[in-house]
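Chain by chain, the residues run as shown.
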Amino acid sequence: MRRLIFDPEHDSFRDSARRFFQREIGANAERWRRQGFVDREAFVKAGEQGYLLMWADEQYGGAGVDDFRFEQILSEENVRYGDICFYHTLHSRLVGPYIGRLGNEEQKARLLPKCASGETILGIAMTESGAGSDLTGMKTRAEDKGGYWLLNGSKTYISNGIHGDLFIVAARTVPDSRHGLGLFVVERGMAGFERGRKLEKMGLHAQDTAELFFENVKVPKANVLGDPAMGFKYLAQNLVEERLISAVGSLAHAQVGFDVTLDYIKERRAFGKPIGAFQNSRFKMAELRAQLDALQVFVDQAVLEHNAGRLPPETAAEIKLLTSELENRVLDEGVQLHGGAGYMDEYRICRMFTDARVSRIFAGSSEIMKEIIGRSLGLDDRKMS
Ligand SMILES: Cc1cc2nc3c(=O)[nH]c(=O)nc-3n(C[C@H](O)[C@H](O)[C@H](O)COP(=O)(O)OP(=O)(O)OC[C@H]3O[C@@H](n4cnc5c(N)ncnc54)[C@H](O)[C@@H]3O)c2cc1C
């Protein structure tokens, strides 16, 4: 279906992005998967193209382009032609903006240029072994020691956890307040900051997900982002964009899974005809096609709303919920229509299936998305009883 939100400049940007992702990312994906991580140089190469932190002002190494459609294009092209484990969007639009929005001039001038060039790789550390969906259960704490903040605790499941040079770490700063969190910039090499092993996962084998440990890390005052008691609010504000990013990636992944399956069932034959000629296959694909087209319109509209600064949290939750559920449905049907081949690692659909499973869990699980949507309807058990 023709998409209506892009201008000619977006189309030409997509053409050059596609060439970049094919040449520099997709060509290495299989090797990265075997080695278990994306080469660091991928970030530098993306930086050289101007694809990182495009929203940042030119003085900080960006392009001053805040139009989310460009990021959407990068995400879609990376999923189709690059490597889903190359988390450039997490770097550029999920973590970088914390510095852009909350950082003072000194912090932006000091930190952003190397993020835009890809020399500094970014991550965000919220989740702990005892606190994921419910971040109010966070135990990592930071104490104000006058000249610095003393950080203690640990984080888990952190994306870009091994390569990351700079992490935004959420920590409790007000002991008796559930929402009293601060956001701290923790950099590679700080004494007491260690990372654990790369975690073995069901999918996303080239994504360097890891644990992080903080033992008496002295975080300079210059590395506090915004008000050290307002971190919970800052996280909530940025989660809208995080969910949009997740939705764009999930839908792109679903679209590719559909195409891979369509190609396969036109070729593979059983009982004297292509698998795609069976009514069951045709109906399954027809249902998925209709759902994909409908959701693409919804997501594209959400991108425009986000550009206009008016994407509500509940709408971001709706698209995150629907796209991640559809992504999993498409890839599950895709595996089924591939038959035994769908279970074989050498087939792309097999890898896509395991890569997709996390989409219903991270960036807020499907259940949490339903809570957000339900509460926006006034159905809030905390206020209703
Ligand atoms: C590959 C990967 C990468 C990740 N990257 C990062 C990262 O870079 N940074 C980071 O900070 N975190 C990251 N995470 C963590 C991720 O955000 C959390 O795993 C997620 O928020 C879920 O939290 P949890 O694992 O503690 O699950 P839990 O909160 O323990 O949830 C377990 C189950 O209970 C359900 N549940 C919880 N609360 C409710 C409720 N109120 N009502 C109904 N059901 C509920 C959940 O939906 C889920 O099904 C990553 C996770 C993975 C797997």
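Structural data are supplied above this passage.
Analysis parameters
- Residues numbered from 1 in each chain as written.
- Predicted model: local features only at pLDDT ≥ 70, side-chain atom pairs only at ≥ 80, totals over all residues.
- Heavy atoms only, no water.
- Buried < 20%, exposed > 50% of the residue type's maximum accessible area, 1.4 Å probe, protein only.
- Helix = DSSP H or I, 4+ residues; strand = E, 2+ residues; numbered from the N terminus.
- Pairing = 2+ DSSP bridges.
- Axes fitted to C-alpha atoms, helices over the stretch in contact; angles between N-to-C directions.
- Left-handed = near helix turned anticlockwise from the far one by under 90°.
- Contact = heavy atoms within 4.5 Å.
- Nonpolar A, V, L, I, M, F, W, Y, C, P; charged D, E, K, R; others polar.
- Near = heavy atom within 4 Å.
- Polar contact = N/O pair within 3.5 Å; in protein donor to acceptor, adjacent residues only side chain to side chain.
- Areas by Shrake-Rupley, 256 points an atom, 1.4 Å probe, with all protein chains shown as cover.
- Salt bridge = Lys/Arg side-chain N within 4 Å of Asp/Glu carboxyl O.
- 1 Å grid on protein atoms, 1.4 Å probe; cavity = no way out; pocket = protein on both sides within 12 Å on 5 of 7 lines; lining within 4 Å.
- Points joined across faces, edges and corners; volume = space filled by probe spheres on them.
- Arc of directions from axis to C-beta.
- Phe/Tyr/Trp six-rings, centres within 6.5 Å; stacked < 30°, edge-to-face > 60°.
- Expected span 1.5 Å × (residues − 1).
- Patch = residues over 30% accessible without salt bridge, like charges linked within 9 Å, V, L, I, M, F, W, Y side chains within 5 Å.
- Disulfide = S-S within 2.5 Å.

Asks: It is not clear to me how the pairing of strand β4 (residues 166-172) should be interpreted in this structure. Could you clarify?
Replies: Here β4 lies mainly inside the structure; seven of its seven residues are buried. The sheet contact formed by strand β1 (residues 122-125) and β4 spans four bridges and is parallel. Its bridge partner lying in β4, Gly123 is registered against Phe167.

Asks: Just to check I follow, could you spell out unusual backbone geometry for this structure?
Replies: In terms of backbone geometry, most residues other than glycine have negative phi values and most peptide bonds are trans. A positive phi angle, close to 60°, is found at Tyr157, a residue other than glycine. Position of Tyr157 relative to the elements: it lies in strand β3 (residues 148-158). Its relative accessible area of 58% is what places Tyr157 among the exposed residues.

Asks: Explain the packing of helix α1 (residues 8-25) against helix α4 (residues 68-81) here, please?
Replies: Helix-helix packing is described using two parameters, namely the angle between the two axes and the distance between the axes. For the pair α1 and α4, interaxial distance at closest approach is 9 Å and the crossing angle is 35°. When the axes of α1 and α4 are compared, the crossing they make is right-handed. Across the interface between the two elements, Glu9, His10, Phe13, Arg14, Ala17, Arg18, Phe21, Gln22 and Ile25 from α1 touch Arg69, Phe70, Ile73, Leu74, Glu76, Glu77, Asn78 and Tyr81 from α4. Broken down by class, the residue content of the contact of α1 with α4 amounts to eight nonpolar, three polar and six charged.

Asks: So what exactly am I meant to see when it comes to the site of the ligand here?
Replies: In the vicinity of the ligand there are 17 residues, among which Met126, Thr127, Ser133, Ser365 and Glu367 approach most closely. Residue Ser133 places a side-chain N or O atom 2.6 Å away from an oxygen atom belonging to the ligand. Within the complex, 64% of the 980 Å² of free accessible area of the ligand lies under protein. Of all the elements in the fold, those that place two or more residues in the shell around the ligand are β1, β3 and α11 (366-376). Tallied by class, the residues present in the shell around the ligand amount to 10 nonpolar, five polar and two charged.

Asks: Explanation requested: the environment of Gly309 in the structure shown.
Replies: Mapped onto the elements of the fold, Gly309 is located in the loop between α8 (279-307) and α9 (313-338). Note on Gly309: relative accessible area 67%, which makes it exposed. In the structure, Gly309 is positioned 47 residues away from Ala356 in sequence and 29 Å away in space, judged by C-alpha atoms.

Asks: Would you mind showing me how to read the pattern of salt bridges here?
Replies: Close approach of charged atoms lets side chains of opposite charge pair. Counting across every chain of the model gives 33 salt bridges. Measuring nitrogen to oxygen at the nearest pair gives 2.9 Å for the salt bridge that ties Glu76 to Arg14. Of this pair, Glu76 sits in helix α4 while Arg14 sits in helix α1, placing them 62 residues apart in sequence. Just as Glu76 is buried, Arg14 falls in that class too. Residue Asp67 pairs with Arg69 through a salt bridge whose shortest N-O separation is 2.9 Å. Of the two residues, Asp67 and Arg69, both sit in the buried class. Through salt bridges that share partners, Arg3, Arg14, Arg18, Glu76, Glu77 and Asp300 make up one connected network.

Asks: Help me understand empty space enclosed by the protein in this model?
Replies: Regions of empty space are outlined by a rolling probe, equal in size to a water molecule, passed over the atoms. One pass over the full model with this rule turns up one cavity of 30 Å³ or more. Computed from the structure, the largest cavity encloses a volume of approximately 30 Å³. Along its surface, the largest cavity is lined by Val38, Phe43, Cys85, Phe86, Tyr87, Asn160, His163, Ala206, Gln207 and Asp208. Tallied by class, the residues present in the lining of the largest cavity amount to six nonpolar, three polar and one charged.

Asks: Looking at this structure, I do not really get α11. What am I missing?
Replies: Each α-helix winds once per 3.6 residues, and so residues spaced three or four apart point in a common direction. Residues of α11 that are buried include every one of Ser366, Met369, Ile373 and Gly374, and no others. Buried residues in α11, looked at end-on, bunch into an arc of 130°, giving them a common side. Immediately beyond the C-terminal end of α11, within one or two residues, lies Gly378, with a positive phi of roughly 85°.

Asks: For this particular structure, what's the right way to read the packing of aromatic side chains?
Replies: The relation between two aromatic rings is expressed through the spacing of the ring centres and the mutual angle of the planes. Enumeration according to the criterion identifies 10 aromatic pairs in this entry. Between the aromatic rings of Phe13 and Phe70, the centroid separation amounts to 5.0 Å while the plane-to-plane angle is 85°, which identifies the pairing as edge-to-face. With Phe13 in helix α1 and Phe70 in helix α4, this pair connects stretches of sequence that are 57 residues apart. We note that Phe13, like Phe70, is buried. When the centroid spacing of 5.2 Å and the interplanar angle of 75° are considered together, the rings of Phe20 and Phe21 count as edge-to-face. In this structure Phe21 comes out as buried when scored by relative accessible area, which is 1%.

Asks: Looking at this structure, how should I read α1?
Replies: Spanning 18 residues, α1 covers 25 Å between terminal C-alpha atoms, matching the ideal 26 Å at 1.5 Å per step. Considered for burial, the residues of α1 that qualify are His10, Phe13, Arg14, Ala17, Phe20, Phe21, Glu24 and Ile25. Taken around the axis of α1, the buried residues stretch over an arc of 130°, which confines them to a single face. Along its buried surface, α1 packs onto α2 (29-35), α3 (41-48), α4 and α5 (88-102).

Asks: Honestly, a nonpolar patch on the surface in this entry has me stumped. Any pointers?
Replies: A contiguous nonpolar patch, built from Tyr343, Met344 and Tyr347 and spanning about 350 Å² of accessible area, is present on the exposed surface. By the element assignment, Met344 lies in the loop between α9 and α10 (348-356). Owing to a relative accessible area of 41%, Met344 belongs among the partly exposed residues under this scheme.

Asks: What am I meant to see in the state of the cysteines here?
Replies: Disulfide: a covalent bond formed between the sulfur atoms of two cysteine residues. Applying the stated criterion across every chain yields a total of zero disulfides. Free cysteine: Cys85, not disulfide-bonded; nearest cysteine sulfur from Cys350 at 14 Å.

Everything listed is a geometric property; what it means functionally is a separate question.
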